[in-house]
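Structural characterization, general
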Amino acid sequence: MSMEPRRFLAVADVADVLGSTPGAVVELLEAGELRGVRVRGAWRVADDEVQAWIDRELELERRRGLWRQAQTPSIVDLFGER
């Protein structure tokens with residue numbers, strides 16, 4: 001079983017991908033909202049972690065849209081199936 005190596009991005013690169021600032025990315029990392037590792041004092045984030053964060057944010061925004069549109073949304077629409 002061969003695994004492809006993960007690609008890690010610097011904070012500035014993550015900021016470019018997200019259209020944000022490096023400071024905002026560091027805030028996400030320190031808050032635990034975005035997973036990363038420190039390598040010699042500098043944050044590094046796996047590219048698949050960036051995509052997972054984007055996917056979570058898109059799902060959250062979809063649910064917020066449902067909340068705003070629906071008069072009586074279902075629990076499954078708002079919180080997903082568990």
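Heads up: the structure comes first, above all this text.
Residues numbered from 1 in each chain as written. Predicted model: local features only at pLDDT ≥ 70, side-chain atom pairs only at ≥ 80, totals over all residues. Heavy atoms only, no water.

Structural notes on the packing of helix H1 (residues 11-18) against helix H2 (residues 22-31)
Just so we agree on the cut-off: Simply put, an axis is a line fit to the C-alpha atoms, just over the touching stretch for a helix, and the angle between two N-to-C directions goes from 0 to 180 degrees. Numbering goes from the N terminus for both helices and strands, where a helix is a DSSP run of H or I of at least four residues and a strand is a run of E of at least two. Convention used here: angles under 35 degrees read as roughly parallel, angles over 145 as roughly antiparallel, angles from 65 to 115 as roughly perpendicular, and any remaining angle as oblique. Contacts are residue-level and defined by heavy atoms, with any inter-residue pair within 4.5 Å sufficient. Amino acids outside the nonpolar list (Ala, Val, Leu, Ile, Met, Phe, Trp, Tyr, Cys, Pro) and the charged list (Asp, Glu, Lys, Arg) are all regarded as polar, and Gly is one of them.
Following both chains from N to C, one finds H1 and H2 inclined at 100°, their axes separated by 8 Å at the closest point. Relative to H2, the element H1 is oriented roughly perpendicular. Between H1 and H2, the contacting residues are Val 11, Ala 12, Val 14, Ala 15 and Leu 18 on the first element and Pro 22, Val 25, Val 26, Leu 28 and Leu 29 on the second. Broken down by class, the residue content of the contact of H1 with H2 amounts to 10 nonpolar, no polar and no charged.

Details of the pattern of salt bridges
Side-chain pairs of opposite charge can arise where the charged atoms are in close proximity. We apply this condition: Basic side-chain nitrogens of Lys or Arg form a salt bridge, by our definition, when they fall within 4 Å of a carboxyl oxygen of Asp or Glu. In this scheme, a residue with accessible area under 20% of its type's maximum is buried, one over 50% is exposed, and one in between is partly exposed, where area comes from a 1.4 Å probe on protein chains only.
Using the criterion set out here, one finds seven salt bridges in the structure. Between Arg 6 and Asp 48 there is a salt bridge, with the nearest N and O atoms lying 2.9 Å from each other. With a gap of 42 residues between them, Arg 6 in the segment before strand S1 (8-10) and Asp 48 in helix H3 (residues 47-69) connect regions that are remote in the sequence. Here Arg 6 falls in the partly exposed class, since its relative accessible area comes to 43%.

Some remarks on the packing of H1 against H3
Threshold: Throughout, a crossing is termed right-handed when the near helix is turned clockwise from the far one, and left-handed when it is turned anticlockwise from it by less than a right angle.
One can describe the packing of H1 onto H3 by two numbers: an axis separation of 11 Å at closest approach and a directional angle of 35°. Crossing of H1 against H3: the hand is right-handed. Within the contact between the two elements, H1 uses Val 14, Val 17 and Leu 18 and H3 uses Val 50, Trp 53 and Ile 54. In terms of residue class, the contact of H1 with H3 is made up of six nonpolar, no polar and no charged.

Focus: H2
Test applied: As used here, the arc is the angular range of directions from the helix axis to the C-beta atoms.
Regarding H2, the residues found buried are Val 25, Leu 28 and Leu 29. Viewed end-on, H2 has its buried residues packed into an arc of 100°, placing them on one side of the element. Opposite the buried face of H2, at more than 90 degrees from it, the exposed residues are Glu 27, Glu 30 and Ala 31. Where H2 is buried, its residues meet H1, strand S3 (42-46) and H3. Following H2 by one or two positions, Gly 32 has its phi on the positive side, about 85°.

Such coordinate-based values are descriptive only and should not be taken to indicate function.
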